Amino acid sequence: MRKKAIVTGGNGQDGSYLTKLLLSKGYNVYCIVRPTTRDYLNNHQYLNIKENKNLKYIDLSITEYFNLQEIIESIKPDEIYNLAGQTYVYDSFTNPLHTVHTNSIPVLYFLEIIRKLDKKIKFYQASSSEMYGNNKNIPLNESSTLMPASPYAVSKVFSHQMVINYRESYNMFCSNGILFNHESPIRGINFVTRKVTKAFARIKLNKQKDLTLGNILSERDWGHAEDYVQAIWKILQQKKPSDFVIATGKKYSVKDMVDYVASLTDIKLKWSKNSKGYWNGVDQKTKKILVKTSNKNFRPNDVICLLGDSSKARKQLKWKPKYNFRSMIKQMLQEDLKREAK
Ligand code: GDR
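Rules used throughout
- Residues numbered from 1 in each chain as written.
- Predicted model: local features only at pLDDT ≥ 70, side-chain atom pairs only at ≥ 80, totals over all residues.
- Heavy atoms only, no water.
- Phe/Tyr/Trp six-rings, centres within 6.5 Å; stacked < 30°, edge-to-face > 60°.
- Helix = DSSP H or I, 4+ residues; strand = E, 2+ residues; numbered from the N terminus.
- Buried < 20%, exposed > 50% of the residue type's maximum accessible area, 1.4 Å probe, protein only.
- Salt bridge = Lys/Arg side-chain N within 4 Å of Asp/Glu carboxyl O.
- Pairing = 2+ DSSP bridges.
- Axes fitted to C-alpha atoms, helices over the stretch in contact; angles between N-to-C directions.
- Contact = heavy atoms within 4.5 Å.
- Parallel < 35°, antiparallel > 145°, perpendicular 65-115°, else oblique.
- Left-handed = near helix turned anticlockwise from the far one by under 90°.
- Nonpolar A, V, L, I, M, F, W, Y, C, P; charged D, E, K, R; others polar.
- Core = buried A, V, L, I, M, F, W, Y, C linked by side-chain atoms within 4.5 Å.

Novice: It is not clear to me how the packing of aromatic side chains should be interpreted in this structure. Could you clarify?
Specialist: Pairs of aromatic rings are described using the distance from one ring centre to the other and the angle between the two planes. Counted under the stated rule, the structure contains twelve aromatic pairs. Ring plane angle 40 degrees and centroid distance 6.1 Å describe the contact between Tyr-81 and Tyr-124, whose orientation is recorded as tilted. In this pair, Tyr-81 is assigned in strand E4 (residues 79-82) and Tyr-124 in strand E5 (residues 122-128), connecting sequence segments 43 residues apart. The class for Tyr-124 is buried, based on a relative accessible area of 0%.

So, in structure tokens, the structure goes:
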């Protein structure tokens, strides 16, 4: 019998890579897709899975409890991967209510439905490194203190703790993957890596003059989404449910990342601060300002540095990333150059 998996956020970056992985492992996959995003199956097209006969799309908002219950009852899945959510940390400051409605309450819906319906259904929750906030005790692991610094992070802490609570109270198989930043050529263009690779591809092709960023001194542990969905799947294949940090263990600043992308397009940037204290990146050859920073891209409260320690995942899941920072950024830029040249 083929295994059945429900993937929420099925057409997002992670949902798309995970769906591809599950199909390759012989699953029937049911992608729950928010009705307003139903037309946006570009990621599935890019990964060549859109027409797969073992893949079904379900138009549904995970904020609708009874519809969710009905769908789960009719599919009777073996595994549910909850990857849906409001994923923009910046937007969570302007729309905290929507963030909590989408990221927190539906997790409780899933847990309740599973508890009442069939406790054998395994549940994966997409937790986030943002939950650590500005915890200075890096590298961060599964025991590090959670210090959420945005409505997004608070919404994720609620779900994370609820998963642990249900696991301990009802002996359910529910696990959290605490994923550090993960990117790819299908990363949303509002996230900083893709914003930069897309902009430099356009600058290279004379389609754009410059790029405006926020806090370029913040540091992140960036991995590749394709590697990270392998870990997500492995988390639900363990004998016992548990929580796992998924990270590369290496950190770079946004500025380092911009410098690297620029160098791949044969540009060397020289950085200096303007009279208002904002950084500018100037093309050393042409003396033009290619990168500006502006207050409007700063968050009311930013997480300055995130670095993960994924020793537990590497040992127990036997997980290891194939990409490193450079190979991932190179791939993202190459794909943006191809797209922009069309
Ligand atoms: P993040 O990712 O908030 O870490 O959350 P993002 O790429 O948005 O920001 C990373 C860092 O870059 C700084 N930054 C900018 N960010 C954006 N988006 N745009 C800019 O112009 C810019 N300039 C500087 C940010 O301030 C930040 O410090 C991602 C999301 O995918 C979450 O959903 C997920 O949980 C975490 O990663 C792990």
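Novice: Before we go on, may I ask you to explain the pattern of salt bridges in this structure?
Specialist: Side chains carrying opposite charge are able to pair once their charged atoms draw close together. For the structure on display, the rule yields 16 salt bridges. In this structure, Lys-116 engages Glu-112 in a salt bridge whose closest nitrogen and oxygen atoms are separated by 3.7 Å. Separated by four residues within a single helix, Lys-116 and Glu-112 lie in helix H6 (residues 105-117), roughly one turn from each other. The partner of Arg-339 in a salt bridge is Asp-336, and the shortest N-O contact between them spans 3.1 Å. Of the two residues, Arg-339 and Asp-336 both sit in helix H12 (residues 325-341), three residues apart, roughly one turn of that helix.

Novice: How should the pairing of strand E1 (residues 4-8) be read in this particular structure?
Specialist: Every other side chain in a regular strand lies on the same face of the sheet, so the side chains alternate between the two faces. Counted residue by residue, E1 has four buried out of five residues, so it is predominantly covered. Inspection of the sheet shows E1 paired to strand E2 (residues 28-33) by five bridges, in the parallel sense. Residue pairing in the sheet places Ala-5 in a bridge with Val-29 of E2. Judged from the four bridges that link them, E1 and E4 form a sheet pairing that is parallel.

Novice: Would you take a moment to explain the sheet that holds strand E8 (residues 211-213) for this structure?
Specialist: Paired through their backbone hydrogen bonds, the strands of a sheet run either parallel or antiparallel. The sheet built from four strands is open, its strands ordered E8-E15-E14-E13 with mixed pairing. Whereas interior strands pair on both sides, the edge strands pair on one side only; in this sheet they are E8 and strand E13 (269-273). Across the sheet, the axes of successive neighbouring strands diverge by a mean angle of 20 degrees, strand direction being ignored. The sheet strands contacting helix H8 (residues 192-204) are E8, E13 and strand E15 (289-293), and the helix crosses E8 at an angle near 165 degrees. Across the face of the sheet, helix H10 (residues 254-264) comes into contact with E8, E13 and E15 while running at roughly 145 degrees to E13.

Novice: Is there a simple way to explain the packing of helix H3 (residues 65-75) against H6 in this structure?
Specialist: Angle between the axes and distance between the axes are the two parameters that describe a pair of packed helices. In contact at an axis separation of 10 Å, H3 and H6 are set at 45 degrees when each is read in the N-to-C sense. Relative to H6, the element H3 is oriented oblique. Crossing handedness for the pair H3 and H6: right-handed. Of H6, the residues touching H3 (which contributes Tyr-65, Leu-68, Gln-69, Ile-72 and Glu-73) are Tyr-109, Phe-110, Glu-112, Ile-113, Lys-116 and Leu-117. In the contact of H3 with H6, the residues fall into seven nonpolar, one polar and three charged.

Novice: Explain the nonpolar core to me, please; I cannot follow it from the model alone.
Specialist: One recurring pattern in soluble globular proteins is that nonpolar side chains are buried together. The biggest cluster of nonpolar side chains holds 34 residues, and the ones touching the most others in it are Leu-18, Leu-22, Tyr-81, Tyr-124 and Ile-246. Those elements giving two or more residues to this core turn out to be E1, helix H1 (13-24), E2, E5, helix H9 (225-236), strand E11 (244-246) and helix H11 (311-317). The element that contributes the greatest number of residues to this core is H9, accounting for eight residues. By size, the runner-up hydrophobic cluster in this structure holds 25 residues, among which are Ile-203, Met-257, Val-291 and Met-328.

Novice: Explain unusual backbone geometry here, please?
Specialist: Cis geometry is found at the peptide bond from Ile-138 to Pro-139, where omega equals 0 degrees. Position of Pro-139 relative to the elements: it lies in the loop between E5 and helix H7 (151-170). Its identity as a non-glycine residue notwithstanding, Lys-287 has a phi of 65 degrees, on the positive side. Relative accessible area serves as the criterion here: at 61%, Lys-287 is assigned to the exposed category.

Novice: What am I meant to see in the sheet that holds E2 here?
Specialist: Here seven strands make up an open sheet; going across it, the order is E3-E2-E1-E4-E5-E6-E11 and the pairing parallel. Of all the strands in the sheet, just strand E3 (55-59) and E11 have a single pairing partner and so form its edges. Adjacent strand axes in the sheet meet at a mean angle of 20 degrees when their direction is disregarded. Sheet analysis places E2 next to E3, joined by five bridges and oriented parallel. Paired with Val-33 across the bridge in E3 is Asp-59. Lying over the sheet, H6 contacts E1, E4, E5 and strand E6 (174-179), oriented at roughly 165 degrees with respect to E5. Against the sheet, H7 engages E5 and E6, with an angle of about 150 degrees to E6.

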